[in-house]
Amino acid sequence: MPTVSVKWGKEVFPGIEIDTTQPPIVFKGQLYALTAVPPERQKIMVKGGLLKDDADWATVGVKDGQKLMMMGTADEIVKAPEKGIVFVEDLPEEEQAVAVGHSAGLYNLGNTCYMNSTLQCLHVVPELKSSLLSYTNASRANEIDQVSHQLTVATRDLFSELDRSVKPVAPMQFLSVLRRKYPQFAQQHNGAYMQQDAEECWSQLMYTLSQSLKSSSDSSDGSAAVQTLFGIDLVSKVHCPESGEEASERESVFALKCHISHEVNHLHEGLKHGLKSELEKASPVLGRTAIYSKESRINQLPKYLTIQFVRFFWKRESNQKAKILRKVDYPIELDVYDLCSDELKQQLQLPRQVLRDAENVKFGLKTDKKDNDKKDDVPKSEGTSSNEGGEAMNIDAALSNNNDNKAQLTGIYDLVAVLTHKGRSADSGHYVAWVKQDNGKWIEYDDDNPIPQREEEITKLSGGGDWHMAYICMYKARVL
């Protein structure tokens, strides 16, 4: 890559690398970060005239060490008036973002709605942003490759820019690094970048962050940031009916699958189907391959539970991913207690009891201990009873049993983000993020256009037609 210097007015910016595999608009994005001159205002003098956004670098003939000249006016910074009424539009941009109540949108850089919607959903997780903010160049471990490090830094910088901006943000640097790390997102057709699967983008970014932040030495809790926030530990029983073999397996995933069939009408039903499967593998007893049944249970829950609706399958006739349009309802509040292992259920019993008692007191209801015991099969034990007056047990006393001083999970989750898809194929159509803000309001992020929505509109994204339908849901744990 050639390295050039750029003169803008009286300032000179040396040592700027040009990635000649990317169009000049990416280079202009680098200059925008340095000068605040938007790409559309930049006039860069090169041999033969002005540098065009879609020019061929080979034709431009930029040489290493060359000095380029740029003209253009930077964005003006809005200053708040010293006196008088202060309107939202008069505040500095960082304060505007707080006053507006939601973060900025993301420009679509050409079939990048799959990436924009993924980023907006993950951006709602404050613990992830906190872990990213503590990630520095010194945090990179030897086993983390350079591009993974750059993608982590690009995610950190983009999330920070979204938080302090009310104007749409162009994620050019993030997109450039994402395509270098995962070339499938750089696929082109007839000279244009192709639409991609948002779930693949979500999974790849999650994997990269899990590796980078796991190796971070700057954060006391960085050793397992992504695993703690999103990791789901599963314990599975594998059985071969033919040979009678039985085995136990453990695995960790970042999302549960909601399998869709003609029997599935609700998310909970799809999750149960997703935890049961059949697989074919070699049987040491039979000396050949055999069919095994696999039944999984959740053995450890995350702070944020990600669920993917398995709506796409490979259709040989059309040689593309086809979409299952069936309507599958999902709740605002999700309880996964009955999907957990017996060991985890035992750990959840006391926190669930405390949570129910506290909510009953909040709404002026009497605590019904018998019903609670029957619902979760909670055995009577010290510290779980209510007095005759119906008062809930003391939450502080119950929590004092938690030696780790960590938030206790209850198995109950609240919906905070939905990534939807509109269209008939995963590699076409349009992706949108619907995200719950800190103030409880929902915002539809249609690329650069944030649109306020009512909560009742969110539950209508369950499918059954050509309208937006849930592809990925993210729930936040209700904890004590």
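Just so we're clear, the structure is a prediction, and the values are computed from it rather than from any experiment. (Residues numbered from 1 in each chain as written. Predicted model: local features only at pLDDT ≥ 70, side-chain atom pairs only at ≥ 80, totals over all residues. Heavy atoms only, no water.)

Colleague: How should I be thinking about the side chain of Arg 478 in this particular structure?
Modeller: Relative to the elements of secondary structure, Arg 478 occurs in strand 21 (residues 469–479). According to the relative accessible area criterion, Arg 478 is buried, its value standing at 17%. Separated by 2.9 Å, the side chains of Arg 478 and Glu 359 make a polar contact. Setting aside its immediate chain neighbours within four residues, Arg 478 contacts Glu 333, Leu 355, Glu 359, Gln 408, Leu 409, Thr 410, Ile 412, Tyr 413 and Asp 414. (Helix = DSSP H or I, 4+ residues; strand = E, 2+ residues; numbered from the N terminus. Buried < 20%, exposed > 50% of the residue type's maximum accessible area, 1.4 Å probe, protein only. Polar contact = N/O pair within 3.5 Å; in protein donor to acceptor, adjacent residues only side chain to side chain. Contact = heavy atoms within 4.5 Å.)

Colleague: Got a minute to help me understand the sheet that holds strand 4 (residues 49–50) in this structure?
Modeller: Strand pairing in a sheet takes place through backbone hydrogen bonds and is either antiparallel or parallel in direction. The sheet built from five strands is open, its strands ordered 2-1-5-3-4 with mixed pairing. The sheet is open, and its two edges are formed by strand 2 (11–17) and strand 4, each paired on a single side. Relative to strand 5 (residues 67–71), strand 1 (residues 3–8) is paired through four bridges, and the arrangement is parallel. Counterpart to Val 6 in the pairing with strand 5 is Leu 68. Contacting strand 1, strand 2, strand 3 (43–46) and strand 5, helix 1 (residues 24–35) crosses the sheet at an angle of about 140° to strand 2. (Pairing = 2+ DSSP bridges. Axes fitted to C-alpha atoms, helices over the stretch in contact; angles between N-to-C directions.)

Colleague: Mind showing me how you'd approach the pairing of strand 2 here?
Modeller: In summary, the side chains of a regular strand alternate between the two faces of the sheet. Taken together, the five bridges between strand 1 and strand 2 define a ladder with antiparallel strand orientation. The partner of Lys 7 across the bridge, within strand 2, is Val 12. Taking the residues between adjacent antiparallel strands as the criterion, strand 1 and strand 2 are bridged by two residues, where Gly 9 takes a positive phi near 65°.

Colleague: In this structure, what is going on with the sheet that holds strand 11 (residues 276–283)? I would like to understand it.
Modeller: The strand order across the open sheet formed by four strands is 9-8-12-11, and the pairing between neighbours is antiparallel. Each end of this open sheet is capped by a strand with a single partner; those strands are strand 9 (246–253) and strand 11. Adjacent strand axes in the sheet meet at a mean angle of 35° when their direction is disregarded. As defined by bridge partners, strand 8 (residues 232–239) adjoins strand 12 (residues 288–300) across seven bridges and the pair is classed as antiparallel. Paired with Val 235 across the two strands is Arg 297, which belongs to strand 12.

Colleague: So what exactly am I meant to see when it comes to the environment of Ala 470 here?
Modeller: Position of Ala 470 among the secondary structure elements: in strand 21. Ala 470 gets classed as buried once you look at its relative accessible area, which sits at 1%. Not counting residues within four places of it along the chain, the set of residues in contact with Ala 470 comprises Phe 309, Arg 311, Tyr 330, Val 418, Leu 419, Thr 420 and Leu 461.

Colleague: Is there a simple way to explain the nonpolar core in this structure?
Modeller: A general feature of soluble globular proteins is that nonpolar side chains tend to end up buried together. Membership of the largest hydrophobic core comes to 50 residues, with the highest contact counts inside it found for Leu 128, Phe 174, Phe 230 and Met 474. Looking at this core, the element that brings in the most residues is helix 8 (residues 198–214), giving seven residues. (Core = buried A, V, L, I, M, F, W, Y, C linked by side-chain atoms within 4.5 Å.)

Colleague: Would you mind going over unusual backbone geometry with me for this structure?
Modeller: Generally, phi is negative for residues other than glycine and the peptide bonds are trans, each holding for most cases. Positive phi, close to 55°, is recorded for Asn 111, a residue that is not glycine. Accessibility expressed as a relative area gives 36% for Asn 111, which makes it partly exposed. Residue Asn 190 is not a glycine yet carries a positive backbone phi of 55°. Considering the arrangement of structural elements, one finds Asn 190 in the loop between strand 6 (188–189) and strand 7 (192–193).

Colleague: Quick question: what am I supposed to make of the state of the cysteines here?
Modeller: Disulfides are covalent bonds that connect the sulfur atoms of two cysteines. Counted under the stated rule, the structure contains zero disulfides. With no disulfide partner, Cys 121 has as its closest neighbouring cysteine sulfur the one in Cys 473, 9.0 Å distant. (Disulfide = S-S within 2.5 Å.)

Colleague: I'm lost on empty space enclosed by the protein in this one. Help?
Modeller: Gaps left between atoms are located by rolling a probe of water-molecule size over the structure's atoms. Scanning all chains against the criterion turns up one cavity of 30 Å³ or more. Estimated volume of the largest cavity: approximately 30 Å³. In this structure, the largest cavity is lined by Ile 18, Asp 19, Gln 22, Pro 23, Pro 24, Val 26, Phe 27, Gln 30 and Trp 57. Among the residues making up the lining of the largest cavity, the classes are represented as six nonpolar, two polar and one charged. (1 Å grid on protein atoms, 1.4 Å probe; cavity = no way out; pocket = protein on both sides within 12 Å on 5 of 7 lines; lining within 4 Å. Points joined across faces, edges and corners; volume = space filled by probe spheres on them. Nonpolar A, V, L, I, M, F, W, Y, C, P; charged D, E, K, R; others polar.)

Colleague: Can you help me understand the packing of aromatic side chains in this one?
Modeller: Here the distance between the centres and the angle between the planes together describe a pair of aromatic rings. The final tally for this structure, using the stated rule, is seven aromatic pairs. Judged by centre distance (5.6 Å) and plane angle (20°), the ring pair of Tyr 114 and Phe 185 falls under stacked. Note that Tyr 114 is positioned in helix 4 (residues 113–122) and Phe 185 in the loop between helix 7 (172–181) and strand 6, a separation of 71 residues in sequence. Each member of the pair, Tyr 114 as well as Phe 185, carries the same accessibility label: buried. Aromatic side chains Tyr 182 and Phe 185 sit 6.4 Å apart centroid to centroid with 80° between the ring planes, which places their arrangement in the edge-to-face category. Grouping residues by exposure puts Tyr 182 and Phe 185 together as buried. (Phe/Tyr/Trp six-rings, centres within 6.5 Å; stacked < 30°, edge-to-face > 60°.)

Colleague: Any chance you could explain the packing of helix 4 against helix 8 here in plain terms?
Modeller: Any two packed helices are characterised by the angle at which their axes cross and by the distance between the axes. Look at helix 4 against helix 8: their axes get within 8 Å of each other, and the N-to-C directions meet at 50°. On the basis of the axis angle, helix 4 is oblique to helix 8. Every pair of crossing elements has a handedness; the one defined by helix 4 and helix 8 is right-handed. Residues Tyr 114, Met 115, Ser 117, Thr 118, Leu 119, Cys 121 and Leu 122 of helix 4 form the contact with helix 8, whose participating residues are Ala 198, Cys 201, Trp 202, Leu 205 and Met 206. In terms of residue class, the contact of helix 4 with helix 8 is made up of ten nonpolar, two polar and no charged. (Parallel < 35°, antiparallel > 145°, perpendicular 65-115°, else oblique. Left-handed = near helix turned anticlockwise from the far one by under 90°.)

Colleague: Explanation requested: the pairing of strand 13 (residues 304–310) in the structure shown.
Modeller: Most of strand 13 is tucked away: six of the seven residues are buried. As judged from the four bridges shared by strand 10 (residues 256–259) and strand 13, these two strands associate in the parallel manner. Across the sheet, residue Cys 258 finds its bridge partner in strand 13, namely Phe 309. Of the strand pairs in this sheet, strand 13 and strand 21 are connected by five bridges, and their pairing is antiparallel. Paired with Tyr 304 across the strands is Lys 476, a residue of strand 21.

Treat this as a map of the structure, not an account of what it does.
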